Protein chains: 2
Amino acid sequence: MMDEALNIFEDLPHSSMEENFAVLFDRGGVMIERIVSTGQASPPGFWYDQNWTEWVMLLAGAARLRFEDDTEAVLFRPGDHVLITPRRRHRIEWTQAEPPTLWLAVHIREDGKGAG
Amino acid sequence: MMDEALNIFEDLPHSSMEENFAVLFDRGGVMIERIVSTGQASPPGFWYDQNWTEWVMLLAGAARLRFEDDTEAVLFRPGDHVLITPRRRHRIEWTQAEPPTLWLAVHIREDGKGAG
């Protein structure tokens, strides 16, 4: 038997109104997911406020991520990564629609109960 | 204050005889690292035999990863990822030297004691 690796750039969803989430790993309080954004942004006034740690890297496309405690959004290009500590409020101000924007997110719950 | 994201493709080591490991996150039993390979392979007869879970994705370059229980190595290209369960013996048979090969590895210890 030969294992085939899966490729994160393949099996992209058809263009959609919604962001697409694909769970790649989820066990022991750690969840790894691919997020495909095609122009979506957080709703006006919405802030993510998570009680777990998230490490996130942009893999393709471009996006602007804003932390509430910063004055400006941060432009993400492929390879850019950031650690989002629990309760640090943040939002996605913009994502590139075409070609799609791909993120790799690692969600870490230190209590081992799983994120999400 | 404006946060700047770090970029995983930047600050590469100068060419080296050794693989280069950069820890991006390490807490609560989860360690995320970048590995830069420039032609290195596992020594003949050597198998990694880890008691933790590793999720690994190739980000740049190319490599061949062999599982002991497979008959052939798997060719990895950027975006290819695989889950290596505990005690599944594996080795790196080859990595592209130039341009360098970059991996993102997420090591997960379910006992929360940290990998490595």
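A brief look at the structure comes next.

Here is what the cut-offs are and how they apply
- Residues numbered from 1 in each chain as written.
- Chains lettered and ligands numbered in written order.
- Predicted model: local features only at pLDDT ≥ 70, side-chain atom pairs only at ≥ 80, totals over all residues.
- Heavy atoms only, no water.
- Helix = DSSP H or I, 4+ residues; strand = E, 2+ residues; numbered from the N terminus.
- Rg over C-alpha atoms; globule rule 2.2 N^0.38 Å.
- Buried < 20%, exposed > 50% of the residue type's maximum accessible area, 1.4 Å probe, protein only.
- Contact = heavy atoms within 4.5 Å.
- Areas by Shrake-Rupley, 256 points an atom, 1.4 Å probe, with all protein chains shown as cover.
- Lys, Arg positive; Asp, Glu negative; His and termini not counted.
- Charge placed at Lys NZ, Arg CZ, Asp CG, Glu CD.
- Core = buried A, V, L, I, M, F, W, Y, C linked by side-chain atoms within 4.5 Å.
- Least-squares fit on C-alpha atoms with pLDDT ≥ 70 in both.
- Salt bridge = Lys/Arg side-chain N within 4 Å of Asp/Glu carboxyl O.
- Pairing = 2+ DSSP bridges.
- Axes fitted to C-alpha atoms, helices over the stretch in contact; angles between N-to-C directions.

On to the overall build of chain A. A tally of regular secondary structure across chain A gives zero helices and nine strands. Seen in sequence order, chain A has helices and strands lined up from the N terminus as β-β-β-β-β-β-β-β-β. Taking 116 residues into account, the globule formula puts the C-alpha radius of gyration at 13 Å, and chain A, at 15 Å, falls close to it. C-alpha extents for chain A along the principal axes are approximately 55 × 40 × 25 Å. When the 116 residues of chain A are sorted by exposure, 50% land in the buried category. Of all intrachain contacts in chain A linking residues separated by at least 6 positions in sequence, the fraction that spans at least 24 positions is 66%. A total of about 5,800 Å² of accessible surface is found on chain A, and carbon and sulfur atoms cover 52% of it. Distance between charge centres in chain A, computed from 11 positive and 19 negative side chains, equals 7 Å.

Glancing now at the nonpolar core. L104 of chain A together with L104 of chain B are the most contacted members of the largest nonpolar core, which totals 26 residues. Secondary-structure elements contributing two or more residues to this core are β3 (30-37), β4 (53-60) and β9 (101-108) of chain A together with β3 (30-37), β4 (53-60) and β9 (101-108) of chain B. Each residue touching L104 of chain A, except ones within four places of it in the same chain, is listed here: I8, L24, I32, E33, W55, V56, M57 and L59 of chain A together with W55, M57 and L104 of chain B.

Further remarks concern the relation of the copies chain A and chain B. Relating the two copies of this chain is a rotation about some axis coupled with a shift parallel to it. Mapping chain A onto chain B leaves a residual RMSD of 0.0 Å; the transformation is a rotation of 180 degrees accompanied by 0.0 Å of translation along its axis. Look at the turn and shift together and you get a two-fold axis relating the two. A share of 100% of the interface residues of chain A reappears at the interface of chain B, consistent with the copies meeting face to face through the same patch.

Residue and element names in this part refer to chain A. The full count for this structure, using the stated rule, is twelve salt bridges over all chains. In this structure, D49 and R87 form a salt bridge, with 3.2 Å as the shortest nitrogen-oxygen distance. With a gap of 38 residues between them, D49 in the loop between β3 and β4 and R87 in the loop between β7 (80-84) and β8 (90-95) connect regions that are remote in the sequence. On the accessibility criterion, D49 (37% relative accessible area) is partly exposed. Taken together, the shared-partner salt bridges connect D69, D70 and R88 into one network.

All names here are of chain A. That bond from E98 to P99 is cis: its omega, -5 degrees, falls within 30 degrees of zero. Position of P99 among the secondary structure elements: in the loop between β8 and β9. Positive phi outside glycine occurs at D11, with the angle close to 55 degrees.

Looking now at the sheet that holds strand β5 (residues 63-67) of chain A. Residues and elements named next belong to chain A. The three strands are arranged β6-β5-β8 in an open sheet whose pairing can be described as antiparallel. Two strands in the sheet have a free side with no partner beyond their single neighbour: β6 (74-76) and β8. The mean inter-strand angle of the sheet, taken between neighbouring strand axes irrespective of direction, is 30 degrees. For β5 and β8, the ladder comprises five bridges, and the chain directions are antiparallel. By the bridge assignment for β8, R64 is matched with W94.

Function cannot be read off these values alone, since they describe shape.
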